[in-house]
Amino acid sequence: MSGLVLPRVVLSQAAEDAVTVVNRTFAWFTTLSAPGPGSAQPESVVLPHLLAVGEEFTRESLLECSERQVLPGLAIHESLWERGEREAEQSWESVKASWKAWHGINFASFPQYEQHQGLVEARNAVVHGLGRLTRRQTRKDGGKGTKTKLKKAKIDVVGSSIVLKFDDVQLARLVVIGLVEWLDGEMRARGLWRAVGVP
């Protein structure tokens, strides 16, 4: 096995930058000591940050790939693009829908899609519910749908509170890197890679 060199996927600069931020954040997280009683869980800070890196890469790549297709100087193109850009940026769901509609990239085909959706639900509970499931997450079915998604990511729920562990942050790191690499590959396969800074 000595001398065996496995090929490395070449990523766009934007994808490399996103992966670097994810890895640096995780490295910092691993240096933290266990919090004392009454202190904030570092997992509650790091997990949302990791997901934000992946979502920002996804959003920014969408806008860069798409804007380059707008014909400059044509008022109707520019006007339609401005409206489309605003609509695409409204939510994570609208970013995914825009990728599918504009470039044929369906996030449901991302191999870790269900885990990612569970991590997104955990992030929403941390950011919008201070660690508890939000009204939106529990409104329709008492939280059963959200808990099912959380379970796919192996996130524990006690009552209406999520319990984040080191392993959850480790999973978030791996899933976000997977998302960035997967989307970068999808862009490359469709000839969109040049649009995000690759010569």
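Heads up: the structure comes first, above all this text.
Residues numbered from 1 in each chain as written. Predicted model: local features only at pLDDT ≥ 70, side-chain atom pairs only at ≥ 80, totals over all residues. Heavy atoms only, no water.

**Some thoughts on the nonpolar core**
Rules: Definition of nonpolar core: a set of buried residues of the types Ala, Val, Leu, Ile, Met, Phe, Trp, Tyr and Cys, connected through side-chain atoms within 4.5 Å. The classification of residues rests on relative accessible area computed with a 1.4 Å probe and restricted to protein chains. Under 20% of the type maximum is buried, over 50% is exposed, and intermediate values are partly exposed. Each helix corresponds to a stretch of at least 4 residues labelled H or I by DSSP, and each strand to a stretch of at least 2 residues labelled E; elements are numbered beginning at the N terminus. Contacts were defined at the residue level, with two residues in contact if any of their heavy atoms lie within 4.5 Å.
One finds Trp99, Phe107, Leu119, Ile155, Ile162, Leu183 and Met187 to be the most contacted residues of the largest nonpolar core, which totals 46 residues. Mapped onto this core, the elements with two or more residues apiece are helix 1 (13-30), helix 2 (43-67), helix 4 (92-103), helix 5 (113-129) and helix 8 (166-189). Among the elements that take part in this core, helix 8 stands out by supplying 11 residues, more than any other. Dropping the residues within four chain positions of it, Leu119 is found in contact with Leu47, Leu51, Ala153, Ile155, Asp168, Leu171, Ala172 and Val175.

**Considering the packing of helix 2 against helix 3 (residues 75-88)**
Going by this rule: An axis is simply a line fitted to the C-alpha atoms; with a helix, the fit covers only the stretch in contact. Between two such axes, the angle follows the N-to-C directions and lies from 0 to 180 degrees. An angle counts as roughly parallel when it lies under 35 degrees, as roughly antiparallel when it exceeds 145, as roughly perpendicular when it falls between 65 and 115, and as oblique in every other case. Crossing handedness: left-handed means the near helix sits turned counterclockwise from the far one by under a right angle, and right-handed means the same turn made clockwise.
Following both chains from N to C, one finds helix 2 and helix 3 inclined at 165 degrees, their axes separated by 11 Å at the closest point. In terms of orientation, helix 2 lies roughly antiparallel with respect to helix 3. In this structure, helix 2 meets helix 3 at a crossing whose hand is right-handed. Contacts between helix 2 and helix 3 involve Leu62, Leu63, Ser66 and Glu67 on the former and, on the latter, Trp81, Glu85 and Ala88.

**With respect to the side chain of His103**
As for its position among the elements, His103 is in helix 4. Overall, His103 belongs to the buried group, its relative accessible area being 11%. What His103 contacts, discounting residues up to four positions off in sequence, is Leu62, Cys65, Ser66, Gln69, Ser98, Arg190 and Leu192.

**Notes on helix 8**
Heads up, the rule is: Helix span is expected to be 1.5 Å times the residue number reduced by one.
The first and last C-alpha atoms of helix 8 sit 35 Å apart over 24 residues, in line with the 34 Å expected at 1.5 Å per residue. Immediately beyond the C-terminal end of helix 8, within one or two residues, lies Gly191, with a positive phi of roughly 75 degrees.

**Description of a positive patch on the surface**
Stated formally: Residues enter a patch when their relative accessible area is above 30% and they make no salt bridge; the linking distance is 9 Å between like charges and 5 Å between nonpolar side chains (Val, Leu, Ile, Met, Phe, Trp, Tyr). Residue-level accessible areas treat just the shown protein chains as cover; the underlying method is Shrake-Rupley with a 1.4 Å probe. Each reported salt bridge corresponds to a side-chain nitrogen of Lys or Arg within 4 Å of a carboxyl oxygen of Asp or Glu. His is not counted, nor are the chain ends; Lys and Arg add positive charge and Asp and Glu add negative charge. A charged residue contributes its charge at one atom only: NZ of Lys, CZ of Arg, CG of Asp or CD of Glu.
Judged by side-chain charge, Arg135, Arg136, Arg139 and Lys140 come together as a positively charged surface patch. Along the polypeptide, Lys140 turns up in the loop between helix 6 (135-138) and helix 7 (144-152). Owing to a relative accessible area of 84%, Lys140 belongs among the exposed residues under this scheme.

**Observations regarding a nonpolar patch on the surface**
On the surface, Leu71, Leu74, Ile76 and Leu80 cluster together to form a nonpolar patch covering roughly 370 Å² of accessible area. With respect to the helices and strands, Leu74 occurs in the loop between helix 2 and helix 3. Judged by relative accessible area, which is 39%, Leu74 ranks as partly exposed.

**A short note on the side chain of Thr134**
Tracing the backbone through its elements, the reader meets Thr134 in the loop between helix 5 and helix 6. When residues no more than four places from it in sequence are discounted, the contact partners of Thr134 are Asn124, His128 and Gly129.

**A look at the pattern of salt bridges**
For the structure on display, the rule yields 11 salt bridges. Residue Glu89 pairs with Arg59 through a salt bridge whose shortest N-O separation is 2.4 Å. Here Glu89 is found in the loop between helix 3 and helix 4, whereas its partner Arg59 is found in helix 2, with 30 residues between them in sequence. Here Glu89 falls in the partly exposed class, since its relative accessible area comes to 35%. Overall, the relative accessible area of 19% leaves Arg59 in the buried class. Note that Lys152 and Glu114 form a salt bridge whose closest N and O atoms lie 3.5 Å from each other. Separated by 38 residues along the polypeptide, Lys152 in helix 7 and Glu114 in helix 5 bring together distant segments of the chain.

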